[in-house]
Each structure stands twice: as C-alpha cells, then as structure tokens.
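Structural features, examined
Residue strings, one per chain:
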Protein chains: 2
Amino acid sequence: MAFRNGSTNTTINHLNGASTIPKNGSTTTTINHLNGASTIPKNGNNITTTLLKNGSPHEFGCIKPGWFSEFSELWPGEAFSLKIEKLLFQGKSDYQDVMLFESATYGKVLTLDGAIQHTENGGFLHIEMIVHLPLGSIPSPKKVLIIGGGIGFTLFEVLRYPTIEKIDIVEIDDVVVDVSRKFFPYLAAGFDDPRVTLVLGDGAAFVKAAQAGYYDAIIVDSSDPIGPAKDLFERPFFEAVAKALRPGGVVCTQAESIWLHMHIIKQIIANCRQVFKGSVNYAWTTVPTYPTGVIGYMLCSTEGPQVDFRNPVNPIDKKPSHIKSKGPLKFYNADIHKAAFILPSFARNLMEKEIFSIV
Amino acid sequence: MAFRNGSTNTTINHLNGASTIPKNGSTTTTINHLNGASTIPKNGNNITTTLLKNGSPHEFGCIKPGWFSEFSELWPGEAFSLKIEKLLFQGKSDYQDVMLFESATYGKVLTLDGAIQHTENGGFLHIEMIVHLPLGSIPSPKKVLIIGGGIGFTLFEVLRYPTIEKIDIVEIDDVVVDVSRKFFPYLAAGFDDPRVTLVLGDGAAFVKAAQAGYYDAIIVDSSDPIGPAKDLFERPFFEAVAKALRPGGVVCTQAESIWLHMHIIKQIIANCRQVFKGSVNYAWTTVPTYPTGVIGYMLCSTEGPQVDFRNPVNPIDKKPSHIKSKGPLKFYNADIHKAAFILPSFARNLMEKEIFSIV
C-alpha cells in the first residue's frame, strides 16, 4: 500500500493493516488543554476544560480503572470498552462532553457525550461509506455540504473527488474542530483548502437558510438523535435539505443501527418518503466500535435526473488519482457500495412498507 | 412474522423484532446445576459445577458488578459487556468454563472460556450464515456433518432442508449439550430427530476416521483457535475434511474476524488452498456480540462438480416449506448470501495473494 509520505513501517495495533492513514505531524503527547491551537474564530462558546495533570483516566464513566466504557440509554444492557493508554483531552463545550484518548489498540479515540465518534485505526469504515455512497452515485460532484464531521475526516474523503469546486462544512461544536487541529492535523488540513468554507454553527439552521437548489450532495455525519444532533433526524430538517439540493441531488445521513433502532429508522424512512421524490434507500455497514457493530445510512435523491444508488456511476476506487495525496481507500470499493444496500430478511420485511423508490 | 407456536406477542428486548425464535417450554428459572437433564450418555467427563445459591453474578471476569465482560488475548484492549439479569448456570467441564446467563437485552447468553458463543436474540446471525452459505451452494444436501455446535442451533438450521437424510453432529463437550437440553429445548429437540446422530467426542478424530467421500457438506462451528478448537484450524484437519467429502462436496468453517485476525485467516486460506482443489472462498457477516462485530467463514469445495459459492443454487429462503415448523429466516436470504463474499478493499488486497479459486 502506498502512503502519502512514503512511510511503510507505521506501527499498527489493530485492524490488520487497514490503518494506513498517513500521520504527518500528529503527536500523542499529553496536553492539559487545547493551547489555542485553533485559528478558527470562536463563536462565543465558554469552554470548560478539565485540566489533567498526568493525563490519567479517572471518573468519566469507565467501569474499570484505565478503561473507557460506552453506556447509553440508546443501547441499554450492553457496553463496549476500550483500554486507555493516555488521556489526551477532556473538556465540556457549550454542547457536549468532548474526550480524546490514546487507546491501546485503536489509536486515538474521540468521544462526544460518552459515545465513540471516531477511532484513528477504524474511523475509515464509517467515513468512507458516508462519503462515497452518495458521491459515487452522481456523475461529477461539484458543490457539497457537510453537516457535522468537525473532525475533518468527512472532508478528507470528499476531497478525493477531482470535480469538487465548493465544500461548505457546518460543525456546531468548535471544540471538536480544535481537537482535530491539534491531534489529527492530516484530517484538519482540509479546512485550509481554498474550496472549503468552515462554518461553526447549527447545521439545521444553515440548511434552512441555504440557496435553493445549490448543492449536488449533502452529507449529514451526525451523532445520535439525543443531544445536539436531535434536529437532524426530524422532518423540517429533511425538507430544508431537499430544498437546498439541485434536481437529482443526493443526501446521505447517518441512520443508526438496524439491531437497535428500527423504530428510529422507520420514522426516518417515513419522513424521507414524504420529502424526497427521487428515491429513498437504506444502506448499512460494519463498524467495530459502534454499538452492535453496524451503522446505517439514508440515501435519498430529489426529483430530477434519476439516481440509482445501488449501481454507482462514479465509484472513486476506479479513479485512483487521489491515492497519491490521500493514500488508498481501505474499505470502500464499487462492490462494497452495491452490497451495502442488501438487507437482512427481518430488516427488509420491516422496512419494505416504508421504502419508497421510483428507481 | 409467523411463529411456530402461533404466539405473536413475545417480549423482545433487543434486535428489533428479529428475535422470533419460538420458545416452547424454555424457562428462565435459576438452577443450581444441570439436574441430570441430559439423557445423552456421558463420555467420562468429571464435571465440576459451581453451585450458585441465588444465581447472583459474582467473580467470573466482570468489570462491573452485575455485568459480564469479555476479555481475551485474542482481542486485547477491547471488551464487550452485557448486563446480567440472572446467572443460570456456571460450570467447568473437562474442556472449558461454561456459563449461561439471562442478559438484560439479548436473552440467554452462553459463554465458553469467557467468550460469547450464543445469544438467544442474536444467535441466528452467525448460525444462519454458517449453515446456509454452504448448503445453499449445493443442489440437494443429504448427508451433513456438523463439528461443534453442541447447543443444537446449527442442527436446527440444517434441518430446514427437506432433502436431508443423515446428520452426524460431533460435540466435544457434553456440558454444552446438557445446557442446551435444559435451557434451549427448542434447539436441542433436533438431537432427537431420527436422522441425527450425536457423537460426544473429538471432531478432528471423528473426521479422520470417517468414510471417504461420504458427506455432501461439513460445517465446522468451532470456538476460537485457543482451547479445545485449536486442531480445527490446522492443515491435518482440513485434509481429513477433504477426504470425508464427496467430489464437489463443501465445507464451511468459522474463520475469525478480518479486523482482528488477518494473520490467522491468511494461514487458513493458505492451508485450504493446498488442500481443496475445487474452490476456496472467504465470506463474512456481522454479529453484534462477537469481537469487532463481525465473523468470517472459509467456504471450500473438493474437486468434482463445480460449486459457485457466490451464486447459490439452493437458497433456502426461496423454498418456504420449512417455515411452518421452524419459523422464518431472520437474517439469511439469497442476496445476503451473495453479498457475504464481497470484501473491503484492504482485506481483498491482503487476501488476494492467498485466494485460489477455479470457479
């Protein structure tokens, strides 16, 4: 595999060689706070940061000293735990608890309100899918809006497409962006691309105010529907998304686990069915560090040029020019794209009443 | 969905309606030991059973009181945990630690040597795949050998095929069978089918002694390659399997997680490539309660009538006669079958040097 910086001897603790994200300048030193690393104007947040003298893990929901455990009312009765090597950042933003730690086997791990959002060694699974499922389904994506994804990884993947002219990215929490600039500089580098505009603010409000018919694609890389992302799962948001997309434009939203949240998924499908007059589809993939090991996506298109999400017209793995600067894709390929829409029997049966597709 | 016993109001804690296994007679009462529930002749084991007066969970590796946690040298730095409602059985057989508990959200959970093997609400994922991937790939399976799978679920699924004439099932640990008879009687019922012969003994030795060319299919539903299942991952075992299969016969073996154990998988592929002269393929699926949320399968065929595993000739979801007695399939369908062979880019790249297929 080719690395951007030519290094081929990165130490990999986990995920068997899949973790090939180049690390040019990222450090794992323990810091006490964010040291003003960000140059992004703050939007008035009062950031409460817990100072940690030794970076030693302590009371933040772990069920064993030195381990992080993920409890939530969204997945009662089960918990995934990771061994912490070093706590790198812990703070409370205006919106949520933000924590970053060096894990024993997944590299750096970002959690928001106690839920794992990104792991350095495994984050590519979710991000490659949430980006390349929609952008692989339209011929030449030019204008893209990303909601959430303040760590910059979504942006990193969108920038693989040579046709990109304009990306707006709206992240509600500037602390997440600050953490990325400090600890994931190879991802945050995308914020400085001249085609990119970073907006620190509310994604739902941004979409509502957006120019009608402007975007080719909108990617909603949100957290779960409790906390700051709640609005992103409701019908007024989808209506604003549909309005902001061009005819035949596409949206991809994070849409939970079929094993845990079919009631949420069915509601999302019902909303999307009413709003999007092109096609409405559900796809899914595996992510080891997400609850029940899977995550789903709603993929919808507006009325206009037909979009057949199940047969990608623009699969990025077939156009390798991006590999030199960004490294190879680790998960996504055109066959994985097609397979993502194939559902287990029980899910297909439960969804089929809700699925509407004119494709 | 149709239930065998007509009940449609089973309480489901998890997996969103996927858990439709009929429960005719299964109980959740706490017992102190197995009470001689099994009528299967014991093979001389001295079973050491820990008596639990109140069924209260205590020292068995949990990292929080009242929770079970799964630690292993096979997946260092991470652990999956389940909340225990009631401990139902805990014992030490000649081969391994055996534990069964009622979980808060996955129904009854069986662990062997501290690793989750089966959950009542989610077990169907793995079992439907390990059975229907091989049996869906040959026209009319008649003679099947199951190695491991002493809980009886593999057998339950094999018995969906109306063409079945003979099933041998070889389980090394009689305690697992006893636990199943007591707590999963709807699965253990298969042991009493006149076409079924249960052998309590060593699977590798049984295969070595089997009649050459006898079986249409061999299913190896083993635990991980540490402990009693170690031999089932090595070349002499695969050679014996190939000999016991008819020309164009098929084998499906549990083959670990692509995220954790690519080094083991590559070794298995290399062994199979030398042994099986028909075709050698790797498939995978998601299982929420297995480490990293996925499990893989080696699917191989012997020289003879060609087997194209990727295009099932006998998908059981298209032949619904079995549903009346066994309930609907919850995960498997012909499309899921085909999709199981589609691999992420990194895994495909790592495996392609090892994959040998004449199909």
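Residues numbered from 1 in each chain as written. Chains lettered and ligands numbered in written order. Predicted model: local features only at pLDDT ≥ 70, side-chain atom pairs only at ≥ 80, totals over all residues. Heavy atoms only, no water.

**So, the sheet that holds strand E13 (residues 294–301) of chain A**
All names here are of chain A.
- If you trace the seven strands from one edge of the open sheet to the other, you get E9-E8-E7-E10-E11-E13-E12, paired in mixed fashion. The two strands at the open ends of the sheet, each matched to only one other strand, are strand E9 (196–200) and strand E12 (279–286). Neighbour to neighbour, the strand axes of the sheet diverge by 15° on average, direction disregarded.
- Judged from the five bridges that link them, strand E7 (residues 143–148) and strand E10 (residues 215–221) form a sheet pairing that is parallel. (Pairing = 2+ DSSP bridges. Helix = DSSP H or I, 4+ residues; strand = E, 2+ residues; numbered from the N terminus. Axes fitted to C-alpha atoms, helices over the stretch in contact; angles between N-to-C directions.)

**Some words on the pattern of salt bridges**
All names here are of chain A.
- Overall, the coordinates contain 20 salt bridges over all chains when judged by the stated rule.
- Residue Lys108 pairs with Glu120 through a salt bridge whose shortest N-O separation is 3.5 Å. Linking Lys108 in strand E5 (residues 108–112) with Glu120 in the loop between strand E6 (115–119) and helix H1 (124–135), this pair joins segments that are 12 residues apart in sequence. Of the two residues examined, Lys108 and Glu120, each falls in the buried class.
- Between Glu234 and Lys230 there is a salt bridge, with its nearest N and O atoms 3.1 Å apart.
- Overall, the relative accessible area of 33% leaves Glu234 in the partly exposed class. (Salt bridge = Lys/Arg side-chain N within 4 Å of Asp/Glu carboxyl O. Buried < 20%, exposed > 50% of the residue type's maximum accessible area, 1.4 Å probe, protein only.)

**Structural notes on the UniProt feature "active site" (unreviewed entry) in chain A**
All names here are of chain A.
- The residues that UniProt annotates with the feature "active site" (unreviewed entry) are Asp221.
- Positionally, Asp221 belongs in strand E10.
- Excluding residues within four positions of it along the chain, Asp221 makes contact with His126, Ile127, Ile130, Ile147, Gly148, Gly149 and Thr154. (UniProt positions renumbered as here; feature names shortened; annotations may be inferred. Contact = heavy atoms within 4.5 Å.)

**Comments concerning the side chain of Ser69 of chain A**
- Tracing the sequence through the fold places Ser69 of chain A in strand E2 (residues 67–70).
- Here Ser81 of chain A takes part through its side chain, which lies 2.6 Å from a polar atom of the side chain of Ser69 of chain A. (Polar contact = N/O pair within 3.5 Å; in protein donor to acceptor, adjacent residues only side chain to side chain.)

**Re the packing of aromatic side chains**
All names here are of chain A.
- On inspection of all chains with the given rule, the structure shows 24 aromatic pairs over all chains.
- Ring geometry for Phe68 versus Phe101: centroids 5.5 Å apart, planes at 40°, classification tilted. Here Phe101 lies in strand E4 (residues 97–103) and Phe68 lies in strand E2, a separation of 33 residues in the sequence.
- Given a relative accessible area of 1%, Phe68 falls into the buried group. (Phe/Tyr/Trp six-rings, centres within 6.5 Å; stacked < 30°, edge-to-face > 60°.)

**Notes on the sheet that holds strand E10 (residues 215–221) of chain B**
Residue and element names in this part refer to chain B.
- A sheet is described by the order of its strands in space; here seven strands give the open sequence E9-E8-E7-E10-E11-E13-E12, paired in mixed fashion. Each edge of the open sheet is held by one strand with a lone partner, namely strand E9 (196–200) and strand E12 (279–286). Between one strand axis and the next, the sheet turns through 15° on average, direction left out of account.
- Sheet topology note: the strand E11 (residues 245–254)/strand E13 (residues 294–301) ladder contains five bridges and is antiparallel. Within the sheet, the bridge partner assigned to Thr253 lies in E13 and is Met298.
- Strands strand E7 (143–148), E10 and E11 of the sheet are contacted by helix H6 (residues 235–244), whose axis makes an angle of about 140° with E11.

**Description of the interface of chain B and chain A**
- The interface of chain B with chain A comprises 51 residues on the first partner and 51 residues on the second.
- Both faces considered, chain B and chain A share a buried interface measuring about 3,800 Å² in area, 63% of it formed by carbon and sulfur atoms.
- Across the contact surface, chain B and chain A share zero salt bridges.
- Connecting chain B to chain A are 20 residue pairs in polar contact (both at pLDDT 80 or more).
- When residues of the side of chain B that touches chain A are traced back to their parent elements, those giving at least two are strand E3 (78–92), helix H1 (124–135), helix H7 (262–275), E12, helix H9 (334–339) and helix H10 (345–351) of chain B.
- If one sorts the elements of the side of chain B that touches chain A by residue count, E3 of chain B sits on top with six residues.
- Bridge count for strand E3 (residues 78–92) of chain A against E3 of chain B is five bridges, and the pairing is antiparallel. For Ala79 of chain A, the partnering residue across the bridge sits in E3 of chain B and is Ser81 of chain B. (Buried area = accessible area lost by both parts, 1.4 Å probe.)

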